Amino acid sequence: MAQDLDIERVNLECEFNNVDHRTDLNGVDRLIVRRGQVFCISLYLRGRYEPGASGLTCVAETGPDPSEQYGTRAVFSLTPSVDSSRWSAAVTSPPGDMVSLSLCAAPDAPIGRYMLRLGSSTQIQLIMLFNPWCSGDAVYMEREEDLAEYVLAQDGLLFMGSSKYPFSMPWTFGQFESGILDVCLRILDMNPKCLRNPGKDHSGRRNAVYVCRVLSAMVNCNDRDSGVLWGKWDNKYSGGESPMFWTGSVDILRRWDRSDCAPVKFGQCWVFAAVACSVARALGIPCRVVTNYTSAHDSNANLLIEHYVNEDGKPVTATNQRGERVHSEILWNYHCWVESWMTRPDLRKAEFNGWQAFDSTPQEKSDGVYCCGPVPVRAIKEGELMSKYDAPFVFAEVNADVVTYMMKKDGSRTEVTTRTWVGQKISTKRVGHDEREDITHLYKYPEGSEEERAVFKKAEHQNKLSKRPQQEGGLQLSIKGSQDMKKGCDFDVFALVTNGTSSEKMCRLVFSSCGVSYTGVLGANCGFKDLLNLQLPPGGEQKVPLKLNYSKYGSALTEHNLIRLATLLLDYSTEQVLMDTRSIVLTNPDIKVQILGEPKVKRKLAAEITLKNPLPHSLENCCFSIQGADLTGGAIISESLADAVAPGQDAKVKIYFTPSRSGLRKLVVDFHSRQLSHVKGFKNVIIAPARGE
């Protein structure tokens, strides 16, 4: 009978293993490995290892109540070679008093903290993560460039603005910054499922679908649990930070951890999505942030977004057949969620493997909890609305139909002809480049195609099926912006009216503008025009300008710099009503960043940062902030200006930082003042290794 090895001490070979498992960015002071991949440790023995005469029983356990039945406990002995399909161990060195022990966790082992017992008297601790480099893992991803972007990249771009004017904002995910992995594991431990039944929850952590659903719920705090972020959309942020304040996830996660899991104030959709992306990447799940422009919030699940306006084109409430007050449903300028990459064996369709959408922004409850997904993106495209989880809600976000009614003074209503399409320019960062990639084709077939019609039949989207394409000819109405629409400037926007008929038309044209939040909530008026007798000859065209002056729109803007334009056209002869709407984005000034000094690891550098005041009045209480993964240690470094900055003058500072790792890094910059808030910029910096590295 083989005798257990008598172990005097163990060397976990953390540096070698962590580098091999691509976890060394978390540090090399403890063992962090990925499931389904061999790792090696050195055992120093009191006796000698002799093949055949020596043995070793290993026990791996995770969670508070480990069980072999639930996969949270594994017992295994030495075998001639390592088997990567299950927990296994093998000696891979010659006989002697020091042996190299190779171990491997099953590719479906639960992730998290483990205690590994070697024989009767030795135990070691390790952290186990998902392994997208392992073909046996459900999160396996084949291309190295995709893995570099969706698992290892600590910074990226989020997309905001509107469908006509999308723009990017830099973000530091920082999933490998000091302490962040521990915070991510704490998020899993604090979820209500774990608190109710920790054994079952730890067993569920073998499943990426389960983990993402937990993250979907835990990144928000709407269920009065220990969620990470408090969502707020009313533009009142006393007691916390404006969502536009954040430039990365690290500060948010550290604040949550330091406050004993009290929610961090405040977040909105892109913040929820970016934090969820950071946590997923930290745990080893490939993840990316996605933006859906003109995104529907279908609260009654009928795939319709119903809007009501008065005869001036202004939104109003309406009364239904039961006499109840009905508000217009929400159409967001954009909405962000995340996609994670994994197989879906629970759905039994291979085509549903791949990108799965899940959303941490609290909008509607799912199974009694504020969470959404994960649902296969392919299921949304194919109209498979029975697919888990929350397919109908996500389908509506990209496919709902918009119906607008004009409520007349006599109490009647008429349907308005509009050109609003939901689910436009669905965007994410392109792999390896600071560019936008359009992934709309992953969510939906081309508008008007036979494939799209087949999907609507499957999804019973009757309104889209019965809707006929707008005919060419007749009256046409659209809105055009100016080429340069900069915050602080005066500019024109235009209503373009075309008479494609053979008869003269006499019409009423209403053209209005107002500030608007990114979620579609309207603010103060920015400009209005009402032409009661617009004459259009046959085949004629009119371009009607509306002047937007900073003196009027400046106080109506939110931090998102959005103005909603709406124009309504009434044909007196036919009583047909046409309407077009568009949200325009006013551009902020550019932030210029120059790096002073030779960019090397552990060498102090200066970022010289400049912004020109574009407003016709001075900027007060100006402050620049920087942060960057492996550049600022996950911290935000700020520098304030003592004096106000006059119109047309430069705000300028130097901020010092010391890089900790070599490679291509992104320094993210934020500028804030009382009059101009949270302007973002970034500078890519190549950091050279320190001498001798």
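Residues numbered from 1 in each chain as written. Predicted model: local features only at pLDDT ≥ 70, side-chain atom pairs only at ≥ 80, totals over all residues. Heavy atoms only, no water.

A few words on the sheet that holds strand 34 (residues 562-571). In spatial order, the strands read 32-31-34-35; together these 4 strands make up an open sheet with antiparallel pairing. At either margin of the open sheet sits one strand with a lone partner, and together these are strand 32 (522-536) and strand 35 (577-585). On average, each strand axis in the sheet is tilted by 15° relative to the strand beside it, whichever way the strands run. Pairing of strand 31 (residues 505-516) with strand 32 involves 10 bridges; the strand directions are antiparallel. Across the sheet, residue Ser512 finds its bridge partner in strand 32, namely Phe528. (Pairing = 2+ DSSP bridges. Helix = DSSP H or I, 4+ residues; strand = E, 2+ residues; numbered from the N terminus. Axes fitted to C-alpha atoms, helices over the stretch in contact; angles between N-to-C directions.)

Taken together, the side chains of Lys164, Arg419, Lys425 and Lys480 define a basic patch exposed on the protein surface. Along the chain, Arg419 falls in the loop between strand 26 (413-416) and strand 27 (424-429). (Patch = residues over 30% accessible without salt bridge, like charges linked within 9 Å, V, L, I, M, F, W, Y side chains within 5 Å. Areas by Shrake-Rupley, 256 points an atom, 1.4 Å probe, with all protein chains shown as cover. Salt bridge = Lys/Arg side-chain N within 4 Å of Asp/Glu carboxyl O. Lys, Arg positive; Asp, Glu negative; His and termini not counted. Charge placed at Lys NZ, Arg CZ, Asp CG, Glu CD.)

Further remarks concern the packing of aromatic side chains. Applying the stated criterion across every chain, the model contains 17 aromatic pairs. Note on Phe76 and Trp87: the rings are 5.7 Å apart at their centroids and 25° apart in plane angle, and the pair reads as stacked. Placement of Phe76 in strand 7 (residues 73-77) and of Trp87 in the loop between strand 7 and strand 8 (88-91) is noted, with a sequence separation of 11 residues between them. Each of the two residues, Phe76 as well as Trp87, counts as buried. With a centroid separation of 6.2 Å and 15° between ring planes, the pair formed by Trp233 and Phe272 is classed as stacked. Residue Trp233 is located in the loop between strand 14 (229-231) and helix 7 (250-258), and its partner Phe272 is located in helix 8 (residues 269-283); the two are separated by 39 residues in the primary sequence. In textbook terms, an aromatic cluster arises when at least three aromatic residues are bridged by ring pairs, as seen for Trp270, Tyr293, Trp332, Tyr334 and Tyr518. The ring of Trp256 carries Arg186 above its face, with NZ or CZ at 5.9 Å from the centroid. Between the NZ or CZ atom of Arg288 and the centre of the ring of Trp355, over which it lies, the distance is 4.0 Å. (Phe/Tyr/Trp six-rings, centres within 6.5 Å; stacked < 30°, edge-to-face > 60°. Buried < 20%, exposed > 50% of the residue type's maximum accessible area, 1.4 Å probe, protein only. Lys NZ or Arg CZ within 6 Å of the ring centre and 35° of its normal.)

Another aspect to go through is the nonpolar core. By size, the foremost hydrophobic cluster in this structure holds 66 residues, and its most contacted members are Trp171, Leu229, Trp270, Val275, Leu283 and Ile285. If you tally residues by element for this core, the top one is helix 8, at 13 residues. Residues contacting Val275, with those up to four places away along its chain left out, are Val219, Val228, Leu229, Ser249, Ile252 and Leu253. With 55 residues, the next largest nonpolar core counts Leu536, Ile591, Leu641 and Phe671 among its residues. (Core = buried A, V, L, I, M, F, W, Y, C linked by side-chain atoms within 4.5 Å. Contact = heavy atoms within 4.5 Å.)

Burial in helix 12 (residues 450-458) covers these residues: Glu452, Val455 and Phe456. Taken down its axis, helix 12 places every buried residue within 100° of arc, on the same side. Pointing more than 90 degrees away from the buried face of helix 12 are the exposed residues Glu450 and Lys457. Just downstream of helix 12, Glu460 is the residue with a positive phi angle, here 55°. (Arc of directions from axis to C-beta.)

So, about the packing of helix 3 (residues 180-189) against helix 7. As a packed pair, helix 3 and helix 7 sit with axes 10 Å apart at the nearest point and diverge in direction by 60°. The angle between helix 3 and helix 7 falls in the class oblique. As helix 3 runs across helix 7, the sense of the crossing is left-handed. Packed against helix 3, whose contacting residues are Ile180, Val183, Arg186 and Ile187, the element helix 7 presents Val250, Leu253, Arg254, Trp256 and Asp257 at the interface. Among the residues making up the contact of helix 3 with helix 7, the classes are represented as 6 nonpolar, no polar and 3 charged. (Parallel < 35°, antiparallel > 145°, perpendicular 65-115°, else oblique. Left-handed = near helix turned anticlockwise from the far one by under 90°. Nonpolar A, V, L, I, M, F, W, Y, C, P; charged D, E, K, R; others polar.)

Turning our eyes to something else, we now look at a nonpolar patch on the surface. Taken together, the side chains of Met506, Leu532 and Tyr572 define a hydrophobic patch exposed on the protein surface, amounting to about 270 Å² of accessible area. By the secondary structure assignment, Met506 is in strand 31.

Direction vectors running N to C along helix 3 and helix 8 enclose 100°, while the axes themselves pass 9 Å from each other. When the axis of helix 3 is compared with that of helix 8, the two are roughly perpendicular. Seen from helix 3, the contacting residues are Leu181, Cys184, Leu185, Ile187 and Leu188; seen from helix 8, they are Val279, Ala282 and Leu283. For the contact of helix 3 with helix 8, the per-class residue count stands at 8 nonpolar, no polar and no charged.

The sheet built from 4 strands is open, its strands ordered 2-4-9-8 with antiparallel pairing. Looking along the sheet, the strands with just one partner apiece sit at the ends: strand 2 (7-11) and strand 8. Taken pair by pair, the neighbouring strands of this sheet meet at an average axis angle of 25°, ignoring direction. Of the strand pairs in this sheet, strand 8 and strand 9 (residues 96-104) are connected by 4 bridges, and their pairing is antiparallel. Of the residues in strand 9, the one forming a bridge with Val91 is Leu101.

Another point: unusual backbone geometry. The linkage connecting Gly373 with the following residue, Pro374, adopts the cis geometry, with an omega of 0°. In this fold, Pro374 is placed in strand 24 (residues 372-376). Residues Lys388 and Tyr389 are joined by a peptide bond in cis, for which omega reads -5°. With respect to the helices and strands, Tyr389 occurs in the loop between helix 9 (377-382) and helix 10 (391-399). Its identity as a non-glycine residue notwithstanding, Glu575 has a phi of 65°, on the positive side. Mapped onto the elements, Glu575 comes out in the loop between strand 34 and strand 35.

With that settled, consider the side chain of Ser340. In this fold, Ser340 is placed in strand 20 (residues 330-342). Each residue touching Ser340, except ones within four places of it in the same chain, is listed here: Cys212, Ala280, Ile285, Pro286, Cys287, Gly354, Trp355, Gln356 and Phe358.

So, on to the pattern of salt bridges. Using the criterion set out here, one finds 41 salt bridges in the structure. When the shortest N-O distance is used, the salt bridge between Arg674 and Glu620 registers 3.3 Å. Linking Arg674 in the loop between strand 41 (663-672) and strand 42 (679-687) with Glu620 in the loop between strand 37 (605-612) and strand 38 (623-627), this pair joins segments that are 54 residues apart in sequence. Overall, the relative accessible area of 60% leaves Arg674 in the exposed class. The network of salt bridges with common partners includes Glu61, Glu68, Arg73 and Arg117.

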